[in-house]
Amino acid sequence: MTWSILGAGSLGCLWAARLSRAGLPVRLLLRDRQRLNAYRALGGVTLIEDGRESLYPIPAETAAQGAPIQRLLLACKAYDAESAAASVAARLAPGAELILLQNGLGSQQAVSAHLPRARCLYASSTEGAFRESDFRVVFAGFGQTWLGDEHGGPAPGWLAELEQAGIPAQWSENILERLWRKLALNCAINPLTVLHQCRNGELAGHPDEVAALCDELGQLLHACNYSAAAQELQGDVERVIAATAANFSSMYQDVAQGRRSEIAYLLGHACREGDRLHLALPRLRAVHERLRAYLVARGLPDT
Ligand code: NAP
């Protein structure tokens, strides 16, 4: 069965290139004819690994036209997920499967609410890739991708295809807990790196702020019934800060490059859940407001 990939950016091209070189059928779905022409002019996806580059002439078409879609990897940013999914909704075959690769939470539920006849699987990935230019992607960090179904059900047989393609993937029986844990780690680190304009490691110099956020994120996770995700949160946050000391967080990089951030699906989602559960979370809300003001002052969307 063909892998259709909507969102030919960093992770979308990384998955497409690996599926293609494993001999698996894959096609890219591009926004419009202009993007399709630009892609065709380049002759395919270029993946750069360890400084070596390879060109993969993966077939592509526009999102609007083509054969019915049975299996779709949605690899755009969280704020684009709903409109991107809507652009292919009419092409989805009955019982189609979607893999939603977005970071944070909120976009997955929005997409699946619009597509009740499809099976929407959520993914949480720690792999790293970035776009050097259009359809030219650098593989930047080994990691793992967990996949799961919020509504239960069996692991899909095509996980073996991911293994065949060298895409490290594992089935998770509690994908929401994994996504919440990653959201909490992101919320404790990324906003502070933007507000302090620093690398991850420099947050070791702000231990009280980090501890206060971890405490409130822990309260939120408990209240959401994800107590396992709250365990050892501060210890893990401190370990990530130490292990990635020289790195700039993804949110820092988005803001530094004048790109929209996924704030609404990270800190925004945490604060919305706090509202729903009537939790005070004063430190988390204060950081959210400071970050929004920081983005607005730089002409960037604060949602
Ligand atoms: P990205 O490089 O910005 O790529 C997103 C792609 O989606 C772009 O090519 C964009 O097209 C495309 N797109 C958006 N709306 C579309 C539409 N309506 N129709 C067709 N294409 C559309 O993003 P990314 O870094 O791969 O991130 C994807 C998700 O994975 C994010 O939630 C991110 O947080 C998460 N993630 C990323 C990494 C990483 O290392 N990159 C790691 C873990 C998790 P245009 O180029 O035309 O705008």
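The rules behind the values
Residues numbered from 1 in each chain as written. Predicted model: local features only at pLDDT ≥ 70, side-chain atom pairs only at ≥ 80, totals over all residues. Heavy atoms only, no water. Buried < 20%, exposed > 50% of the residue type's maximum accessible area, 1.4 Å probe, protein only. Helix = DSSP H or I, 4+ residues; strand = E, 2+ residues; numbered from the N terminus. Pairing = 2+ DSSP bridges. Right-handed = clockwise from strand over helix to strand, strands pointing away. Axes fitted to C-alpha atoms, helices over the stretch in contact; angles between N-to-C directions. Contact = heavy atoms within 4.5 Å. Domains from an automatic or database assignment. Buried area = accessible area lost by both parts, 1.4 Å probe. Salt bridge = Lys/Arg side-chain N within 4 Å of Asp/Glu carboxyl O. Near = heavy atom within 4 Å. Polar contact = N/O pair within 3.5 Å; in protein donor to acceptor, adjacent residues only side chain to side chain. Areas by Shrake-Rupley, 256 points an atom, 1.4 Å probe, with all protein chains shown as cover. Nonpolar A, V, L, I, M, F, W, Y, C, P; charged D, E, K, R; others polar. Parallel < 35°, antiparallel > 145°, perpendicular 65-115°, else oblique. Left-handed = near helix turned anticlockwise from the far one by under 90°.

**Overview of the pairing of strand β1 (residues 3–6)**
Side-chain alternation along β1 places Trp3 and Ile5 on one buried face and Ser4 and Leu6 on a second face that is also buried. When β1 meets strand β2 (residues 26–30), the two strands line up parallel, connected through four bridges. Along β2, the bridge assignment pairs Ser4 with Arg27. Tracing the backbone out of β1, into helix α1 (residues 10–21) and back to the parallel element β2 gives a crossover that is right-handed. Relative to strand β6 (residues 69–74), β1 runs parallel, the two being bridged by three bridges. Within β6, the residue paired with Ser4 across the bridge is Leu72.

**Brief notes about the sheet that holds strand β9 (residues 128–133)**
Across the sheet, four strands lie side by side as β4-β3-β10-β9; this open sheet has mixed pairing. Of all the strands in the sheet, just β4 (52–56) and β9 have a single pairing partner and so form its edges. For this sheet, the mean inter-axis angle between neighbouring strands, taken without regard to orientation, is 25°. Pairing between β9 and strand β10 (residues 136–141): five bridges, direction antiparallel. Bridge pairing in β10 links Gly128 to Gly141. Its contacts with the sheet place α1 against β3 (45–49), β4, β9 and β10, and it is angled at close to 90° to β3.

**Some thoughts on the domain arrangement of the protein**
Each domain of the protein was delimited in the assignment, giving domain 1 (3–173) and domain 2 (177–297). Computed over C-alpha atoms only, the centres of domain 1 and domain 2 are separated by 26 Å. Across the contact, 16 residues belong to domain 1 and 13 residues belong to domain 2. Summed over both sides, the interface between domain 1 and domain 2 buries roughly 1400 Å², with carbon and sulfur atoms accounting for 59% of that surface. Considering only the surface of domain 1 that becomes buried against domain 2, Tyr79, Asn103 and Leu105 emerge as the three largest contributors, covering 50% of it. The tally of links from domain 1 across to domain 2 stands at zero salt bridges.

**Side note on the site of the ligand**
Around the ligand sit 23 residues, and of these Ser10, Leu11, Ala129, Arg131 and Glu262 come closest. Arg31 is positioned such that a nitrogen or oxygen atom in its side chain is 2.9 Å from an oxygen atom of the ligand. A distance of 2.9 Å is found between an oxygen atom of the ligand and a side-chain nitrogen or oxygen belonging to Arg35. Protein chains shield 83% of the accessible area of the ligand, which is 890 Å² for the free molecule. Among the secondary structure elements, those contributing two or more residues to the shell around the ligand are α1 and β9. In terms of residue count, the dominant contributor to the shell around the ligand is β9 (three residues). Its residues assigned to classes, the shell around the ligand comprises nine nonpolar, seven polar and seven charged.

**Side note on the packing of helix α6 (residues 175–195) against helix α12 (residues 282–297)**
Axis angle and axis distance: for two packed helices, these are the angle between their axes and the distance between the axes, and together they describe the pair. Between α6 and α12, the shortest axis-to-axis distance is 10 Å and the interhelical angle comes to 45°. The orientation of α6 with respect to α12, classified from their angle, is oblique. At the point where α6 passes α12, the crossing takes the left-handed sense. Residues Pro191, Leu192, Val194 and Leu195 of α6 form the contact with α12, whose own contacting residues are Val287, Arg290, Leu291 and Tyr294. Classifying every residue of the contact of α6 with α12 gives seven nonpolar, no polar and one charged.

**Some points on unusual backbone geometry**
Its identity is not glycine, yet Asp50 carries a phi of approximately 50°, on the positive side. We classify Asp50 as exposed; its relative accessible area is 70%. One non-glycine residue, Gln197, adopts positive backbone phi at about 50°. Note on placement: Gln197 falls in the loop between α6 and α7 (207–223).

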